[in-house]
Amino acid sequence: MQNVKDRFVMRIWQRIRGAGVVFVFGTFVTGILAWGAFNWTLELTNTEAFCISCHEMQENVFKEYQNTIHYQNRTGVRATCPDCHVPKDWVHKIVRKVQASNELWHHMLGSVDTPEKFNAKRIRLAESEWARMKGTDSRECRNCHHYDYMDYAEEGRRASAAHQKGFGEGKTCIDCHKGVAHTLPPIEQNIGAPKAAASPGVPEVGAAVAEPKS
């Protein structure tokens, strides 16, 4: 039995040696084509067109985004969906793509396929993305807005003071700039000037409202 196995292995090896350069070259070309096809598909999913190809995104967050400075401004420089939500470097990009497979699952389930369903989950969705950005020190924001190259003298007085104070306290972009591209859910961000006490009978943002007694 061992001799039969040895003869089989020997025949395979002889065929490989006989193929020689053709086999090696063919394997090399196949590898390049496979890698190219993988990267082409990966980059295809990093386009705004792909992101809004499902109606959940097109009818909800994309419409909100169209009313912001990241979509249209005096210079014409835009930050599209993948600029903010997909890492640039390969390793973190692959990790994010694997995580995004959960979004495809919920697309098939129809979890947020109406404005009502989307708004019901808006707070949870927003907090999840804020936590991701906080955990990466707002990595995608800093692809364009890097702290080291901010000229405070060219900023407005309020922005200059807020940036220097925030950086000194170890804050990151998303700590203060929630809602720059999408509608904020009704929560208190605890930024800016101290809030005045609410008037009697007027609940604070995020406070529970008691049901009227019957």
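The rules we used
Residues numbered from 1 in each chain as written. Predicted model: local features only at pLDDT ≥ 70, side-chain atom pairs only at ≥ 80, totals over all residues. Heavy atoms only, no water. Helix = DSSP H or I, 4+ residues; strand = E, 2+ residues; numbered from the N terminus. Buried < 20%, exposed > 50% of the residue type's maximum accessible area, 1.4 Å probe, protein only. Areas by Shrake-Rupley, 256 points an atom, 1.4 Å probe, with all protein chains shown as cover. Expected span 1.5 Å × (residues − 1). Arc of directions from axis to C-beta. Contact = heavy atoms within 4.5 Å. pLDDT = per-residue confidence, 0-100. Polar contact = N/O pair within 3.5 Å; in protein donor to acceptor, adjacent residues only side chain to side chain. Salt bridge = Lys/Arg side-chain N within 4 Å of Asp/Glu carboxyl O. Phe/Tyr/Trp six-rings, centres within 6.5 Å; stacked < 30°, edge-to-face > 60°.

Focus on the overall build of the chain
Here's step 1: On a plain count of helices and strands, the chain comes out with 10 helices and 0 strands.
Here's step 2: Buried residues in the chain amount to 21% of all 214 residues.
Here's step 3: Summed over its atoms, the accessible surface of the chain is roughly 16100 Å², and 62% of this surface lies on carbon and sulfur atoms.

Regarding helix α8 (residues 122–135)
Here's step 1: Helix length check: α8 (14 residues) gives 20 Å between terminal C-alpha atoms against 20 Å at 1.5 Å per residue, within 8%.
Here's step 2: Three or more residues of α8 are buried, namely Arg122, Ala126, Glu129, Trp130, Arg132 and Met133. Angular distribution of buried residues about the axis of α8 spans 160°; they occupy a single face of the element. For α8, the exposed residues lying more than 90 degrees away from the buried face are Arg124, Ser128, Ala131 and Gly135.
Here's step 3: Where the residues of α8 are buried, they touch α4 (55–65), α5 (81–85), α6 (90–109), α7 (115–120) and α10 (173–176).
Here's step 4: In the segment just after α8, Asp137 is the residue with positive phi, at about 55°.

What about helix α9 (residues 157–168)?
Here's step 1: Along its 12 residues, α9 runs 17 Å from first to last C-alpha, staying within 8% of the 16 Å computed at 1.5 Å per residue.
Here's step 2: Of the positions making up α9, those classed as buried are Ser160, His163 and Gly166. What you see down the axis of α9 is that its buried residues fit within an arc of 145°, all on one side. Turned more than 90 degrees away from the buried face of α9, the exposed residues are Arg157, Arg158, Lys165 and Gly168.

Describing the confidence of the model for the chain
Here's step 1: Taken as a whole, the chain shows an average pLDDT of 83; of its residues, 83% reach a score of 70 or greater.
Here's step 2: Contacts of residues 198–214 to residues separated by more than four positions or lying in other chains number 6 contacts, the stretch itself having pLDDT below 50.

Here we look at the side chain of Ser111
Here's step 1: Residue position: Ser111 is located in the loop between α6 and α7.
Here's step 2: Exposure remark for Ser111: the relative accessible area of 17% places this residue in the buried category.
Here's step 3: Of note is the side chain of Ser111, whose polar atom sits 2.8 Å from the side chain of His106.

Focus: the pattern of salt bridges
Here's step 1: Within this structure, the stated rule accounts for 14 salt bridges.
Here's step 2: Salt-bridge contacts for Arg142 lead to Asp137; the nearest nitrogen and oxygen are separated by 3.7 Å.
Here's step 3: What makes Asp137 partly exposed here is its relative accessible area of 33%.

Here we look at unusual backbone geometry
Here's step 1: At Asp137, a residue that is not glycine, the phi angle is positive and equals roughly 55°.
Here's step 2: Structurally, Asp137 is set in the loop between α8 and α9.
Here's step 3: You will see that Ser138, though not glycine, has its phi angle at about 55°, which is positive.
Here's step 4: Note that Ser138 resides in the loop between α8 and α9.
Here's step 5: For Ser138, a relative accessible area of 1% gives the class buried.

Notes on the packing of aromatic side chains
Here's step 1: All chains considered together, the criterion is met by 6 aromatic pairs.
Here's step 2: Taking the centre distance of 6.1 Å and the plane angle of 85° together, the rings of Phe62 and Tyr71 count as edge-to-face.
Here's step 3: Residue classification places Phe62 among the buried positions, given a relative accessible area of 10%.
Here's step 4: Judged by its relative accessible area of 24%, Tyr71 is partly exposed.
Here's step 5: A ring pair is formed by Tyr65 and Tyr71, whose centres lie 5.2 Å apart and whose planes are at 85°; its orientation type is edge-to-face.
Here's step 6: Among the aromatic side chains, those forming a connected cluster through ring pairs are Trp35, Phe38 and Trp90.

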